[in-house]
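Read off the chains here:
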Amino acid sequence: QEAQTAVTYCHRSLKEWRRLGNVQGEARTLTTLAMIHHANGAYGEVLECSRQAIALQEASNDRTGLLVSYQNLGILLYDIGALDEAREAAEMALELAGHSGSKLRKMRCYHILGVIASARGDFVTARRFLGTAETIAVDVGNRERLSDVLCALAENSLHEKDVVKAREYVDRAVTLM
């Protein structure tokens, strides 16, 4: 019920942004709508909203919006098992994050790329991406994100059959909670 209410509000907002000719507002609303659909498992709608948002953000040169949309698209595509496409979206986000100057945005991109690489069975690349995300999280002092990255490193270590290393990552993550 709440999700349907949120979708209804987003559609009203979209209509109003379009009436006003505000492309960035329209794109941000489409991104929000995509996230709501993602939470509800409506992946077809997520892809459509994400693609529309990206097209609008590219047309309006909204680099921050593009970065967020590509990150979200990478996560969605990962969730539905489209790993090659997920990697491409996350790489686009990382390129944009490099220009943004935001360490946290770069850290999130490396984290996403690491999780995708691990799911693809490329554990060495996953460790490299996740290690970079860990370094950035430590550098900026973001304990919550660091804990998330350490859990991903632990999972990757388990895939590599390194139970001792996985336990070390979990222990570090627990101390941050």
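Going by the structure above, here's the rest.
These notes cover the structure that comes with them. (Residues numbered from 1 in each chain as written. Predicted model: local features only at pLDDT ≥ 70, side-chain atom pairs only at ≥ 80, totals over all residues. Heavy atoms only, no water.)

**A short note on the overall build of the protein**
Thinking step 1. Along the protein, the regular secondary structure elements total nine helices and zero strands.
Thinking step 2. Taking 177 residues into account, the globule formula puts the C-alpha radius of gyration at 16 Å, and the protein, at 18 Å, falls close to it.
Thinking step 3. Projecting the C-alpha coordinates of the protein onto the three principal axes gives extents of approximately 60 × 35 × 30 Å.
Thinking step 4. Looking at the protein alone, contacts between residues at least 24 apart form 50% of all its contacts between residues at least 6 apart.
Thinking step 5. Surface accessibility of the protein: about 9,700 Å² in total, with carbon and sulfur atoms responsible for 52%.
Thinking step 6. Of the charged side chains in the protein, 21 are positive and 23 negative; the average position of the first set lies 4 Å away from that of the second. (Helix = DSSP H or I, 4+ residues; strand = E, 2+ residues; numbered from the N terminus. Rg over C-alpha atoms; globule rule 2.2 N^0.38 Å. Contact = heavy atoms within 4.5 Å. Areas by Shrake-Rupley, 256 points an atom, 1.4 Å probe, with all protein chains shown as cover. Lys, Arg positive; Asp, Glu negative; His and termini not counted. Charge placed at Lys NZ, Arg CZ, Asp CG, Glu CD.)

**Some words on the packing of aromatic side chains**
Thinking step 1. The final tally for this structure, using the stated rule, is one aromatic pair.
Thinking step 2. Their ring planes at 35° and their centres at 6.1 Å tell us that Y110 and F129 sit as a pair that is tilted. With Y110 in helix 6 (residues 103–119) and F129 in helix 7 (residues 123–140), this residue pair connects regions lying 19 residues apart in the sequence.
Thinking step 3. A residue is classified by how much of its surface remains accessible, and F129, at 13% relative accessible area, is buried.
Thinking step 4. Above the plane of the ring of F129 lies R128, whose end atom (NZ or CZ) is 4.8 Å from the centre. (Phe/Tyr/Trp six-rings, centres within 6.5 Å; stacked < 30°, edge-to-face > 60°. Buried < 20%, exposed > 50% of the residue type's maximum accessible area, 1.4 Å probe, protein only. Lys NZ or Arg CZ within 6 Å of the ring centre and 35° of its normal.)

**Quick look at the nonpolar core**
The tendency in soluble globular proteins is for nonpolar side chains to be buried as a group.
Thinking step 1. Grouped together as the largest cluster of nonpolar side chains are 49 residues, with contacts concentrated most on Y70, L73, L77 and L150.
Thinking step 2. The element contributing the most residues to this core is helix 5 (residues 83–100), with seven residues.
Thinking step 3. Residues contacting Y70, with those up to four places away along its chain left out, are I54, E58, A89, A90, M92, A93 and L96. (Core = buried A, V, L, I, M, F, W, Y, C linked by side-chain atoms within 4.5 Å.)

**Structural notes on the layout of surface pockets**
Thinking step 1. The computed volume of the largest pocket comes to approximately 150 Å³.
Thinking step 2. Forming the walls of the largest pocket are I75, Y78, R108, H111, I112, V115, I116 and R145.
Thinking step 3. Listing elements by their share of the lining of the largest pocket, those giving two or more residues are helix 4 (63–79) and helix 6.
Thinking step 4. Top element by residues in the lining of the largest pocket is helix 6. It accounts for five residues.
Thinking step 5. Across the lining of the largest pocket, the residue classes tally to five nonpolar, one polar and two charged. (1 Å grid on protein atoms, 1.4 Å probe; cavity = no way out; pocket = protein on both sides within 12 Å on 5 of 7 lines; lining within 4 Å. Points joined across faces, edges and corners; volume = space filled by probe spheres on them. Nonpolar A, V, L, I, M, F, W, Y, C, P; charged D, E, K, R; others polar.)

**Notes on empty space enclosed by the protein**
Thinking step 1. Taken as a whole, this structure holds one cavity of 30 Å³ or more when the rule is applied.
Thinking step 2. Of the pockets and cavities examined, the largest cavity occupies roughly 30 Å³.
Thinking step 3. Taken together, T31, A34, S50, S69 and N72 make up the lining of the largest cavity.
Thinking step 4. Among the secondary structure elements, those contributing two or more residues to the lining of the largest cavity are helix 2 (23–39) and helix 4.
Thinking step 5. Looking at the lining of the largest cavity residue by residue, the class counts come to one nonpolar, four polar and no charged.

**Describing the environment of R87**
Thinking step 1. For R87, the position within the fold is in helix 5.
Thinking step 2. Judged by relative accessible area, which is 24%, R87 ranks as partly exposed.
Thinking step 3. With 47 residues separating them along the chain, R87 and E134 place their C-alpha atoms 19 Å apart.

**Observations concerning the environment of C10**
Thinking step 1. Examined against the element boundaries, C10 turns out to sit in helix 1 (residues 2–20).
Thinking step 2. Through-space distance from the C-alpha of C10 to that of T31 is 9.9 Å; in sequence the pair is 21 residues apart.
Thinking step 3. Discounting chain neighbours no more than four positions away, the residues touching C10 are T29, T32, L33 and I36.

Note that all results are geometric; they support no functional claim without further evidence.
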